[in-house]
Amino acid sequence: MRKVAVVGVGTSKFGNRTDVSLPELAWESVKEALDDARLGTEDIEAFVVGNVGGWSSEMLPAVVVGEYCGLVPKSGVRVEAACATGSAAVRTAYHMVASGESDIVMVIGVEKMNESPTPTVVEFIGRAGNYFWEFENFGLTFPGYYALYATAYMHRYGATEEDLCKVAVKNHYYGSLNPKAQFQKAITVEECLNSRYVAWPLKLYDSSPITDGSSAVILASEEAAKKITDTPVWIKAIGYANGTANLSKRLDFIGLEAAQIAAQMAYKKAGIDPLEPVKYLDVAEVHDCFTIAEIMAYEDLGFAKRGEGYKLVREGQTYIGGLIPVNVDGGLKAKGHPIGATGVSMIAELTRQLRQQVEKSRQAPIRKGMALAHNIGGTGHYAFVTILSLS
Amino acid sequence: MSDNVVNSVSKTLDKLYKEPLKQLETLIGATGLPVYKDPKSGALLWVDVRELRLRFTLSVNKIAKFVDGLREGKLLYTVCKRCGAKFFPPQADCPRCKASDMEWRETSPVGELITWTVINVKPASFSHHADYVVGIVKMPDGFNITAWVEADPKTLKPGMKMRLLVDRRPGENYITYWFKPA
Ligand SMILES: [Zn+2]
């Protein structure tokens, strides 16, 4: 397997993007990534599109995006892994380069959720489990699935709704510093606590929004990367695992087993001590589709001991200056969660963090040169942990 | 006839989509195009004139005994006759030993609540219900069951004993299963 580097990144403005069509939205990040790498479309040998769809009109997003972005007749396919679609697309492109098949491959995550009315989107994501045994008869919703974990976790460890809200407060704070975030407004714990329940014990402010957005990254072989850039960011490791479709088949509801397995795999490949991963990492992006998900991520990744994740946020340890800065772009919570683009945007953000190119107010200090992306599909149905490194 | 799942869901969908459809008709009539300016963003939007309705047809042919069980007021699971693996939801095939010879057994009547949530923001197809509780219950048979819990959520605690019921669901009139504090 060859070394693979990220050599160009781009991210569109996230939000309710009524001003652009799906391929136009993709082009925003494709152009930014090409400019970042100083490449043209002719340099891209193949592309992978991350898109979940259903709520948007295009059935064949890879074909539509490929045509609009001038990538035809280069080969492109669509990849889907629920909310971890972006990471699955990165993994697919990584293997295309690592195997020696291609030298320069582009990953394009794009999602246009607002092409459908909100009730349709709620209906679609409620089906993100096992259709008959969870949705058809019991009407679970996406917040509902995570709420099942929140209830169990809070009872077991004594975390409170206020603790969960502190995750939202942190991520909104960093969202307010990120011009591409959907929400650029800081919030208070009180505002969060006073927001209405969507799936008790989770409230509106515990939840990521419905988002349109795109993100693109260009991956290159070592030889190609050295010609393109002086600051390649290497994909050191990708860990991955799946969970059962039915949540009823899970052993417990206090963490995501798939995420734990993916983290162990990534740490082993990257040479990171799984007992002290924070010693190796400058910054992390974790999958905070709901506030409880960020707290479980701290534990599944080994940033905190089991049952102590909520203490990290209580103590402010995941702000810049703490033990490890997490989601300093606003996370899914405030930056937004355009399902298929989210995982790609995590890699784009961490690449810019490692290159020290983000807005000064939210730049994590880069001392060790390593960063981690944790991207979950569904409710621990898919898990990807990707480690990026300057060396 | 009002308390039936089919007309309850239809009514909701009518409420959601009839008015926008009328507006679309008026828009095309008046301007010749299904195009309007989004009042929030000012962006120009084309409203899809080709509506797609989705209603799936799922095969329960291989788990016909499960369906028979519901009819008799029983909730059934499968046990692999070769290796003893237990399945709920019931499976017709055993991936552990690759056999497809299953014994059908009735689940125990009582389990223990592991976790639960209250669905406050409901999917449109469930919006004819008041907020409902969904729980996961650990059964002594060696698996968990996800279903509604008929109880005041404030009274629920992890480990609480839950009794399984199989009957026509009030307001929907089709046979399904749920739990009630034992
Ligand atoms: Zn078997």
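- By the naming in an unreviewed UniProt entry, chain B is Nucleic-acid-binding protein containing a Zn-ribbon, taken from Pyrobaculum oguniense.

- An unreviewed UniProt entry annotates chain A as Acetyl-CoA acetyltransferase of Pyrobaculum oguniense.

## Here we look at the UniProt feature "domain: Thiolase N-terminal" (unreviewed entry) in chain A
Link 1 in the chain: Per the UniProt entry, the sites bearing "domain: Thiolase N-terminal" (unreviewed entry) are residues 4–223 of chain A in this numbering.
Link 2 in the chain: Counting secondary structure, residues 4–223 of chain A comes out at 41% helix and 20% strand; the distance between its end C-alpha atoms is 9 Å.

## A look at the state of the cysteines
All names here are of chain A.
Link 1 in the chain: This model, assessed by the stated rule, comprises one disulfide over all chains.
Link 2 in the chain: One disulfide bridge connects cysteine 165 with cysteine 192, the sulfur atoms lying 2.1 Å from each other. Its torsion about the S-S bond being -75 degrees, the disulfide of cysteine 165 and cysteine 192 is classed as left-handed. Of this pair, cysteine 165 sits in helix α7 (residues 161–175) while cysteine 192 sits in helix α8 (residues 189–193); the two residues are 27 residues apart in sequence, bridging distant segments of the chain. One exposure class covers both cysteine 165 and cysteine 192, and it is buried.
Link 3 in the chain: With no disulfide of its own, cysteine 83 lies closest to cysteine 289 among cysteine sulfurs, the gap being 6.3 Å.
Link 4 in the chain: The buried category is assigned to cysteine 289, whose relative accessible area is 0%.

## Structural notes on the domain arrangement of chain B
Residues and elements named next belong to chain B.
Link 1 in the chain: As far as domains go, chain B holds domain 1 (3–46), domain 2 (58–106) and domain 3 (109–182).
Link 2 in the chain: Relative placement of domain 1 and domain 3: their C-alpha centres are 35 Å apart.
Link 3 in the chain: Tallying the contact residues gives eight residues for domain 1 and eight residues for domain 3.
Link 4 in the chain: Summed over both partners, the interface of domain 1 with domain 3 comes to about 600 Å²; 63% of that surface belongs to carbon and sulfur atoms.
Link 5 in the chain: Summed over the three residues of domain 1 that lose the most area to domain 3, namely Asp3, Val5 and Thr12, the buried surface amounts to 58% of that side.
Link 6 in the chain: If you look at where domain 1 meets domain 3, you find one residue pair in polar contact (both at pLDDT 80 or more).

Calculation rules
Residues numbered from 1 in each chain as written. Chains lettered and ligands numbered in written order. Predicted model: local features only at pLDDT ≥ 70, side-chain atom pairs only at ≥ 80, totals over all residues. Heavy atoms only, no water. UniProt positions renumbered as here; feature names shortened; annotations may be inferred. Helix = DSSP H or I, 4+ residues; strand = E, 2+ residues; numbered from the N terminus. Disulfide = S-S within 2.5 Å. Buried < 20%, exposed > 50% of the residue type's maximum accessible area, 1.4 Å probe, protein only. Domains from an automatic or database assignment. Contact = heavy atoms within 4.5 Å. Buried area = accessible area lost by both parts, 1.4 Å probe. Polar contact = N/O pair within 3.5 Å; in protein donor to acceptor, adjacent residues only side chain to side chain.

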